[in-house]
Amino acid sequence: MSKTLAFLLISALSAGAQPGSISAERIREHTRFLSSDLLEGRGVGQRGGDIATAYIATQFALDGAKPAGDNGTFFQKVPLVGVETTPGAQLSATAGGQAVDFKYLDDFVGVSQRQTPQTDFDAEAVFVGHGIAAPEWKWDDFKGVDVKGKLLVLFTNEPTSTDLAFFDGRALTYYGRWSYKYEEALRRGAAGVLIIHTTPTAGYGWEVVRNSWAREVPFVKLAPGESSLAIQGWVTREAGQKLLALAGQNVDDLLAASEKRDFKPIPLGIRIRGSLPAKVRALDSRNVAAVVPGSDPKLKDEYVIFSAHWDHLGIGTPVNGDSIYNGAIDNATGCAILMELARAWAALPQKPRRSALFLSVTAEEGGLKGSEYYAAHPLFPAAKTALDLNYDALYPWGRAKDVVITGAERTDVYALAQQIAKRLDLAISPDAQPEQGHYFRSDHFSFAHAGIPAFSIEHATEFAGQPPGYGQKLAEEYNDKHYHQPSDEFRDDWDFTALEQAAEYGFLLGREVANQDKLSGWRPGDQFHR
Ligand SMILES: [Zn+2]
């Protein structure tokens, strides 16, 4: 082989294979550090969160990415209010001289949206099924009944469906999410909401509910005069059963009733009283933002965003003597990929035409608050943002055979996404658990809500050398045993190849989108179309 030919080959390879420099080992070491006990679970408003954001900003700086935050820094300030219900919280239900008291944490959890140190309420309870008003599916659980000032009792999730023309078939729609229930209740002027938890309707066990709410919960600061719920709460199935028994009802019958289109709200003839003392404090958190400017004089004002939330649950209720919620998979892995992407992008000898924003957002676990804040206060206009590619909780279990990009089909980059998958020899797999509504459960959803085409590059479901369904099996195990538990911890035997592949995939896709002539968008008619 001539020297020139060898040189040409090498340079062609390195130009084409730049993402080949993305390293599973670097992703592993970032993950190890961010999920170490030293980082104390990266809690919002906790020291560990401050260290995590400082670390990510430092990596961005070392990579040569430019600060894109406030006043020439790598940080976008996110002003939140932290509300932590304290153990003196009380909840009781009375009907016709009978009373049931519920025990905080064992029977119920709840937080007031009032952002004050004490919230009391005493309201009539109305059962509203799934609490959904969805005109496009001709579904209305409220049937014109005025629920102003009422305490709504409901199940999360949505009517069971296998028909794509009804609540998108098996897939969970936004109507099924607990966040929708609270928003709808607020729109209708309800006093509060109690969700009766069941593992099938929630998609996770009571520990996840308890660990998520029995802690400081971040809220975007209420505007003067803005309305709020006295309680956004959950009760266990058993507590729900006791509550409904006061009204001569039971969980199974009401679950069945909630499946029917002719369902009407059921006044339960019960008063529900509660007292929610809380620690309330201003919580100045931050998103980390770095930019690598594009090379095209015109298109560099447009952006491709890569995002991953840095926060996890911090220090919380101990489980088996461990109080640090390390969040190794959720989401040290995504942050590690984000840092590796920024490094590889900044190292490109020829920068893509559009600019790239690397954004690590806060307060995802508290309900996508950091990304919601970004969407409301974008550093660069939403209308000039081509795409958000988000990473949240990837599985280091070997070499992936596929990639899951739920929601990509809603955008006009899907054809590109397919080509790149082919190039990397990855199949595109459908979401294995559409009923979990993952599309509404991570930060890309905040961007989608604001009109920015967005989806996550999710964990693989099939792994090389493993039987079919291996990834899915381990995913279910992770969901049961480690998700939002202190045991989501780094393991030395993890193989990060799949994360390298997911990073490479996003890198190539992002670069193509950054170089396209046309700004990407939603498929016409999509619910998020701008
Ligand atoms: Zn996450």
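Read on for a plain summary of the structure. (Residues numbered from 1 in each chain as written. Predicted model: local features only at pLDDT ≥ 70, side-chain atom pairs only at ≥ 80, totals over all residues. Heavy atoms only, no water.)

### With respect to the overall build of the chain
What the chain contains, in helices and strands, is 14 helices and 21 strands. In terms of overall size, the chain behaves like a compact globule, its C-alpha atoms giving a radius of gyration of 24 Å where 530 residues would be expected to give roughly 24 Å. Taken across its 530 residues, the chain has 59% of its residues classed as buried. Pairs at least 24 residues apart make up 82% of the contacts formed inside the chain by residues separated by at least 6 positions. Taken together, the 53 basic and 66 acidic charged side chains of the chain have centroids lying 4 Å from each other. (Helix = DSSP H or I, 4+ residues; strand = E, 2+ residues; numbered from the N terminus. Rg over C-alpha atoms; globule rule 2.2 N^0.38 Å. Buried < 20%, exposed > 50% of the residue type's maximum accessible area, 1.4 Å probe, protein only. Contact = heavy atoms within 4.5 Å. Lys, Arg positive; Asp, Glu negative; His and termini not counted. Charge placed at Lys NZ, Arg CZ, Asp CG, Glu CD.)

### Regarding empty space enclosed by the protein
Taken as a whole, this structure holds two cavities of 30 Å³ or more when the rule is applied. A volume near 90 Å³ is recorded for the largest cavity. Residue lining of the largest cavity: 14 residues in total, with Ala400, Asp402, Ala460, Ala498 and Ala502 positioned closest to the centre. Contributing elements (two or more residues each) for the lining of the largest cavity: strand S19 (402–403) and helix H14 (497–515). Here the element with the most residues in the lining of the largest cavity is H14; it accounts for four residues. When its residues are assigned to classes, the lining of the largest cavity shows ten nonpolar, two polar and two charged. For the second largest cavity, the calculated volume is near 50 Å³. (1 Å grid on protein atoms, 1.4 Å probe; cavity = no way out; pocket = protein on both sides within 12 Å on 5 of 7 lines; lining within 4 Å. Points joined across faces, edges and corners; volume = space filled by probe spheres on them. Nonpolar A, V, L, I, M, F, W, Y, C, P; charged D, E, K, R; others polar.)

### Notes on the nonpolar core
Note on soluble globular proteins: their nonpolar side chains tend to be buried together. Ranked by internal contacts, the top residues of the largest apolar core, which has 160 residues, are Phe60, Trp234, Leu243, Ile272, Phe358 and Tyr505. Here the element with the most residues in this core is helix H9 (residues 328–346); it accounts for 13 residues. When near neighbours in sequence (up to four residues on either side) are disregarded, Ile272 contacts Leu91, Ser92, Ala93, Phe121, Asp122, Ala123, Ala125, Leu151, Val153, Leu194 and Leu243. Among the nonpolar cores identified, the runner-up in size contains 14 residues, and Ala289, Leu357, Tyr374 and Ala382 belong to it. (Core = buried A, V, L, I, M, F, W, Y, C linked by side-chain atoms within 4.5 Å.)

### Considerations on the pairing of strand S18 (residues 385–390)
The element S18 is extensively covered by neighbouring structure, given that six of its six residues are classed as buried. Note that strand S14 (residues 303–309) and S18 share five bridges and pair parallel. Paired with Tyr303 across the strands is Thr385, a residue of S18. Bridging between S18 and strand S21 (residues 454–456) involves three bridges; their strand directions are parallel. Paired with Asn390 across the two strands is Ser456, which belongs to S21. (Pairing = 2+ DSSP bridges.)

### Some words on the coordination of the zinc ion
In an ideal tetrahedron of four donors about a metal, each angle is 109.5 degrees. In an ideal octahedron of six donors, the angles are 90 or 180 degrees. Around the zinc ion, the donor atoms from the protein are His309 (NE2), Asp330 (OD), Asp392 (OD) and Asp392 (OD), and they sit 2.0 to 2.7 Å away. Considering all four donor atoms around the zinc ion, the spread of angles at the metal, 52 to 150 degrees, places the coordination shape in the irregular class. Of note, the zinc ion draws all its donor residues from one chain, in the sequence arrangement H-x20-D-x61-D. Residue Asp330 is located in helix H9, and its partner Asp392 is located in the loop between S18 and S19; the two are separated by 62 residues in the primary sequence. With a relative accessible area of 17%, Asp392 lands in the buried category. (Donors = N, O, S within 2.8 Å, 3.2 Å for Na, K, Ca; no water. Tetrahedral: all angles 85-135°; square planar, octahedral: opposite > 155°, others 65-115°.)

### Some thoughts on the side chain of Glu40
Summarising the element assignment, Glu40 is placed in the loop between helix H2 (24–34) and helix H3 (47–63). In this structure, Glu40 is in contact with Gln46, Arg47, Gly48, Gly314, Ile315 and Ile324, ignoring residues within four places of it in sequence.

### Section: the pairing of strand S5 (residues 108–111)
Here S5 shows no split at all, with Phe108 and Gly110 on one side and Val109 and Val111 on the other all buried. Note that S5 and strand S12 (residues 231–235) share four bridges and pair antiparallel. Looking at S12, one finds that Val111 is bridged to Gln232.

### A few points about H3
When the terminal C-alpha atoms of H3 are compared, their 25 Å separation across 17 residues agrees well with the 24 Å that a helix rising 1.5 Å per residue should span. As for H3, its buried residues are in contact with H2, strand S2 (75–85), strand S13 (266–292), H9 and strand S17 (355–361). At the exit of H3 stands Gly64, carrying a positive phi of roughly 90 degrees. (Expected span 1.5 Å × (residues − 1).)

### Concerning the pattern of salt bridges
Applying the stated criterion to the full structure yields 20 salt bridges. Residue Arg281 pairs with Glu216 through a salt bridge whose shortest N-O separation is 2.6 Å. Note that Arg281 is positioned in strand S13 and Glu216 in strand S11 (residues 216–220), a separation of 65 residues in sequence. A salt bridge links Arg423 to Glu512; the shortest N-O distance between them is 3.9 Å. Here Glu512 lies in helix H14 and Arg423 lies in helix H11 (residues 414–423), a separation of 89 residues in the sequence. Judged by its relative accessible area of 30%, Glu512 is partly exposed. Residues joined by salt bridges that share partners form a network here, namely Arg26, Glu340 and Arg343. (Salt bridge = Lys/Arg side-chain N within 4 Å of Asp/Glu carboxyl O.)

### Observations regarding the packing of aromatic side chains
In total, this model carries 33 aromatic pairs according to the counting rule given. Pairing Phe127 with Phe155 gives two aromatic rings, centres 5.6 Å apart and planes at 75 degrees, and the pair type is edge-to-face. Linking Phe127 in strand S6 (residues 118–127) with Phe155 in the loop between strand S9 (151–154) and helix H4 (178–187), this pair joins segments that are 28 residues apart in sequence. Take Phe127: its relative accessible area is 0%, and that puts it in the buried class. Pairing Phe166 with Phe167 gives two aromatic rings, centres 5.0 Å apart and planes at 85 degrees, and the pair type is edge-to-face. Of the two residues examined, Phe166 and Phe167, each falls in the buried class. Among the aromatic residues, ring-to-ring pairing joins Trp137, Trp139, Phe166, Phe167, Tyr174, Tyr175, Tyr180, Tyr439, Phe440 and Phe445 into one connected group. (Phe/Tyr/Trp six-rings, centres within 6.5 Å; stacked < 30°, edge-to-face > 60°.)

### Observations regarding the packing of H3 against H9
Viewed as axis vectors pointing N to C, H3 and H9 meet at an angle of 15 degrees, and their least axial separation amounts to 9 Å. The angle between H3 and H9 places the two elements in the roughly parallel class. Remark: the crossing between H3 and H9 carries right-handed chirality. Taking contact as the criterion, the partners of Tyr55, Ile56, Gln59, Phe60 and Asp63 in H3 are, on H9, Cys335, Leu338, Met339, Ala342, Arg343 and Ala346. (Axes fitted to C-alpha atoms, helices over the stretch in contact; angles between N-to-C directions. Parallel < 35°, antiparallel > 145°, perpendicular 65-115°, else oblique. Left-handed = near helix turned anticlockwise from the far one by under 90°.)

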